[in-house]
Amino acid sequence: MGRYYRLSKKISDEETSEIVKEVRELEDVREAEITKDYAMLKIVTQDDQYAEVMAKTVNICKRLGNNLEVTFAQFAV
């Protein structure tokens, strides 16, 4: 089961690509994608390692998304 995180603002295609690329490179990430409407980030981790993965993901989003913030929205089933 994964989780969806709401994005605080719209981001460009280039920002989307860079964020997803870096998040996918994190050690415990199985899947990472931004929805087509650029509203949510879906994350699936190995062994439910969300605390560590999301701590790093928040920093990636802030850095590459010009202070983009993410907040938990819902579980992905």
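Above this note sits the structure.
Bear in mind the structure is a predicted one, so any value in this text is a computation, not a measurement.

*Asks:* Please clarify how the overall build of the protein chain should be interpreted in this entry.
*Replies:* Across its full length, the protein chain holds 2 helices and 4 strands. Ordered by position from the N terminus, the helices and strands of the protein chain form the series β-α-β-β-α-β. Relative to a compact globule of 77 residues, whose C-alpha radius of gyration would be 11 Å, the protein chain shows 11 Å and is just as compact. Sequence separation of 24 or more characterises 65% of the internal contacts of the protein chain that already satisfy a separation of 6 or more. If you sum the accessible surface of the protein chain, you get close to 4800 Å²; carbon and sulfur atoms cover 45% of it. The average position of the 12 basic charges and that of the 15 acidic charges among the side chains of the protein chain differ by 4 Å.

Criteria and thresholds
Residues numbered from 1 in each chain as written. Predicted model: local features only at pLDDT ≥ 70, side-chain atom pairs only at ≥ 80, totals over all residues. Heavy atoms only, no water. Helix = DSSP H or I, 4+ residues; strand = E, 2+ residues; numbered from the N terminus. Rg over C-alpha atoms; globule rule 2.2 N^0.38 Å. Contact = heavy atoms within 4.5 Å. Areas by Shrake-Rupley, 256 points an atom, 1.4 Å probe, with all protein chains shown as cover. Lys, Arg positive; Asp, Glu negative; His and termini not counted. Charge placed at Lys NZ, Arg CZ, Asp CG, Glu CD.

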